[in-house]
Amino acid sequence: MHPVRKQRLILVLFIVIFASVAVGLMAYALRENINLFYPPTKIASGEAPVDTRIRAGGCVLPGKVQRSSDSLDVNFLITDGAATVAVHYTGILPDLFAEGEAVVVNGKLNGDGVFMATEVLAKHDETYTPPEVAEAMENAGGEHQKTCEGMSYGS
C-alpha cells in the first residue's frame, strides 16, 4: 500500500473511532436525563419501567387528595379516563394544584405500582393542558370529561 493511502486510511479510521466514542459518551451521559412520558393507562398495564425516572400525567381525581397532618406528604390519584395511578409526593405543591385539574409528575414508579413523585407541575391557566396529558386523555376516550370538566385538551 502506498504510504499516502496508508496515512489517509489511518486518519479516516481515527476520525470514525473518535466520533463513535464521542457519540457513545454523550448517550451514556444523557441516559439519566431522558425521562419519557407515560399516561396512567400504560403505567397501570405494566408498560412503564420500575425504578426508572419517568414522567406521568393526567387529571387529579376529585376527593382523592390526602394530605398528611404532620408532614408535607401528599397522596393523590391521577387518571386519563381509562386508568388511575396512585401518586405519593413529599413537598410543597404548586399553587395551581387542585382536584379535577391536569398535572404532570416527574419521579419513579415503585414495585407496588405507586408513582413516587419528585416534582409536581400544575397547568398554568384555564385553557392549557400539557400536550402529553391532552393526547393521553384523548386516546383514553370520553370518560375523562366527567372527571376533569372545563378542561381544554389541546395546546
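In this report, we go over the structure that sits alongside the text. (Residues numbered from 1 in each chain as written. Predicted model: local features only at pLDDT ≥ 70, side-chain atom pairs only at ≥ 80, totals over all residues. Heavy atoms only, no water.)

**Focus: the overall build of the protein**
Each helix and strand in the protein was counted, giving four helices and seven strands. Helices and strands in the protein line up, N terminus first, as α-β-α-β-β-β-β-β-β-α-α. Evaluated residue by residue, the protein yields a buried proportion of 32% over its 155 residues. Excluding contacts between residues fewer than 6 apart, the proportion of contacts in the protein whose partners are at least 24 apart in sequence is 54%. Only carbon and sulfur atoms are counted for the fraction: they give 57% of the accessible area of the protein, which is about 9600 Å². (Helix = DSSP H or I, 4+ residues; strand = E, 2+ residues; numbered from the N terminus. Buried < 20%, exposed > 50% of the residue type's maximum accessible area, 1.4 Å probe, protein only. Contact = heavy atoms within 4.5 Å. Areas by Shrake-Rupley, 256 points an atom, 1.4 Å probe, with all protein chains shown as cover.)

**Observations regarding the nonpolar core**
Of all hydrophobic cores here, the largest spans 21 residues; its most connected members are Phe76, Ile78, Phe97, Val105, Phe115 and Val120. If we skip the residues at most four places from it in the chain, Val120 touches Phe76, Tyr89, Leu93, Pro94, Phe97, Val104 and Val105. (Core = buried A, V, L, I, M, F, W, Y, C linked by side-chain atoms within 4.5 Å.)

**Focus on the packing of aromatic side chains**
One pass over the full model with this rule turns up two aromatic pairs. Taking the centre distance of 6.3 Å and the plane angle of 20 degrees together, the rings of Phe14 and Phe18 count as stacked. With Phe14 and Phe18 both in helix H1 (residues 3-30) and four residues apart, the pair spans about one turn of that helix. Neither Phe14 nor Phe18 differs from the other in exposure class; each is exposed. (Phe/Tyr/Trp six-rings, centres within 6.5 Å; stacked < 30°, edge-to-face > 60°.)

**Quick word on a nonpolar patch on the surface**
A cluster of nonpolar side chains, Met1, Leu9, Leu13, Ile17, Val21 and Leu25, forms an exposed patch at the surface whose accessible area comes to about 640 Å². In this fold, Leu25 is placed in helix H1. A relative accessible area of 56% means that Leu25 is categorised as exposed. (Patch = residues over 30% accessible without salt bridge, like charges linked within 9 Å, V, L, I, M, F, W, Y side chains within 5 Å. Salt bridge = Lys/Arg side-chain N within 4 Å of Asp/Glu carboxyl O.)

**Quick look at the environment of Val87**
With respect to the secondary-structure elements, Val87 resides in strand E5 (residues 84-90). Through-space distance from the C-alpha of Val87 to that of Val105 is 8.5 Å; in sequence the pair is 18 residues apart. Residues in contact with Val87, not counting those within four places in the same chain, are Val74, Asn75, Phe76, Ile78, Val105, Phe115 and Ala117.

**So, unusual backbone geometry**
One non-glycine residue, Asp51, lies in positive phi territory at about 55 degrees. For Asp51, the location among the structural elements is in the loop between helix H2 (40-44) and strand E2 (53-60). Accessibility expressed as a relative area gives 56% for Asp51, which makes it exposed.

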